Amino acid sequence: MLKAENLVLHVEDNGAKKCLLDHISFQVDDGEMLVITGPNGGGKSTLAKVLIGIEKAESGKIFLNGEDITNYDINHRANAGIGYAFQQPPRFKGMTVQRLLALAAGREMSDQECCKLLSDVGLCAEEYLNRQIDGTLSGGEMKRIEIATVLAKEHTLCIFDEPEAGIDLWSFSMLIKRFEEIHKEKKESLVLISHQERIIQMADRIMVMNHGEKVFDAPPKEVFRHYKELEAIGLAAPQITYIVQGLKEHGVPIADDITTVAEAKDAILQLLGKDERP
């Protein structure tokens with residue numbers, strides 16, 4: 001379990017102090033998937049960097065499985081069990097993809113193991129094993145390889161910063177499938193920073209951040225009830241939420257916590273006396 005208590009971070013911005021994290025407290029339980037979302041500049045990536053040890057908070061505490069890791073550097077936090085996929089992955093000229101995966105795993109890996117990891121993120125595996133991590137790889141390719149390096153080793157907690165950025169729809173579907181498998185196994189906790197509706201709907205909990213503050217921290221159904229507040233900070237609920245709210249405004253007695261098309265279908269069929277559920 002990860003627990004953060006009252007994390008605070010300021011930076012100097014044109015001579016003025018700007019708050020990036022304003023007393024942020026939350027926890028991620030074992031096997032839980034937390035999705036952090038919010039408008040650009042809300043503090044999401046900054047929070048991820050503080051958790052992994054790239055940035056240091058001015059005050060506050062971070063615990064992993066009850067151990068205080070607040071003063072651990074990035075290497076010690078990685079050894080403690082935190083994995084992190086950058087929003088913009090670094091490049092390593094002269095290093096092959098297979099070598100990078102082996103370093104990430106902490107052991108030598110067979111071609112078959114590497115190919116499985118690369119296939120899980122939508123890459124044609126054998127073509128990439130001996131490619132160098134340099135400018136010949138596109139941003140989308142780098143993103144998928146970066147995610148594969150995190151998946152190469154079991155962690156207590158994995159943090160993925162906008163994993164959907166720069167990848168095509170087929171690769172995204174492969175990635176979603178892998179996240180679903182990890183979540184189902186409940187062996188690792190997941191923190192995903194994302195605006196993508198499909199990722200958000202997978203979450204056990206959603207934390208919404210804006211201007212360095214935590215606005216909401218609750219299950220998806222509870223967060224999406226506040227769709228008007230979300231709109232006020234530049235976010236939107238799933239499209240089905242607006243359809244359901246439109247039905248309610250026209251007097252249809254339908255629940256206000258519906259967030260998926262399947263839930264809406266079941267609710268409407270029940271109202272019509274045609275319940276199709278087994």
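On a predicted model such as this, the values are computed, not experimentally measured, just so you know.

Chemist: Looking at this structure, I do not really get the packing of aromatic side chains. What am I missing?
Modeler: In this description, a pair of aromatic rings is defined by centroid distance and the angle of the planes. In total, this model carries three aromatic pairs according to the counting rule given. Plain terms: the ring middles of Tyr-227 and Tyr-242 are 5.5 Å apart, the flat faces sit at 85° to each other, and that makes the pair edge-to-face. Note that Tyr-227 is positioned in helix α9 (residues 227-232) and Tyr-242 in helix α10 (residues 239-249), a separation of 15 residues in sequence. Given a relative accessible area of 10%, Tyr-227 falls into the buried group. The class of Tyr-242 is partly exposed, set by a relative accessible area of 24%.

Chemist: I tried to follow the environment of Val-215 on my own but got confused; where do I start?
Modeler: Relative to the assigned elements, Val-215 resides in strand β12 (residues 213-218). The spacing of Val-215 and Gly-38 is 177 residues in sequence and 9.0 Å in space, taken between C-alpha atoms. The contact partners of Val-215, leaving out residues within four places of it in the chain, are Val-208, Met-209 and Asn-210.

Chemist: Even after reading the chapter, I still don't get unusual backbone geometry, so can you show me in this structure?
Modeler: Most peptide bonds take the trans configuration, and most residues that are not glycine carry a negative phi. Of note, His-23 is a non-glycine position whose phi angle comes to about 50°, a positive value. Within the secondary structure layout, His-23 lies in strand β2 (residues 16-28). With a phi close to 50°, Glu-162 is a non-glycine residue in the positive phi region.

Chemist: What should I look at first to understand the pairing of β2 in this one?
Modeler: Sheet faces and side chains relate simply in a regular strand, where the side chains alternate between the two faces. Where strand β1 (residues 2-13) meets β2, nine bridges bridge the pair, whose relative direction is antiparallel. From the neighbouring strand, His-10 faces β2, where its bridge partner is Cys-19.

Chemist: Explain the packing of helix α3 (residues 97-105) against helix α5 (residues 139-151) to me, please; I cannot follow it from the model alone.
Modeler: Two quantities define a packed helix pair, namely the angle between the helix axes and the distance between the axes. Relative orientation of the contacting elements α3 and α5 amounts to 35°, with a least axis distance of 8 Å. Like other packed secondary-structure pairs, α3 and α5 cross with a definite hand, here right-handed. The segment α3 lies against α5, with Val-97, Leu-100, Leu-101 and Ala-104 engaging Ile-145, Ala-148 and Thr-149. The residue inventory of the contact of α3 with α5, partitioned by class, reads six nonpolar, one polar and no charged.

Definitions and limits used
Residues numbered from 1 in each chain as written. Predicted model: local features only at pLDDT ≥ 70, side-chain atom pairs only at ≥ 80, totals over all residues. Heavy atoms only, no water. Phe/Tyr/Trp six-rings, centres within 6.5 Å; stacked < 30°, edge-to-face > 60°. Helix = DSSP H or I, 4+ residues; strand = E, 2+ residues; numbered from the N terminus. Buried < 20%, exposed > 50% of the residue type's maximum accessible area, 1.4 Å probe, protein only. Contact = heavy atoms within 4.5 Å. Pairing = 2+ DSSP bridges. Axes fitted to C-alpha atoms, helices over the stretch in contact; angles between N-to-C directions. Left-handed = near helix turned anticlockwise from the far one by under 90°. Nonpolar A, V, L, I, M, F, W, Y, C, P; charged D, E, K, R; others polar.

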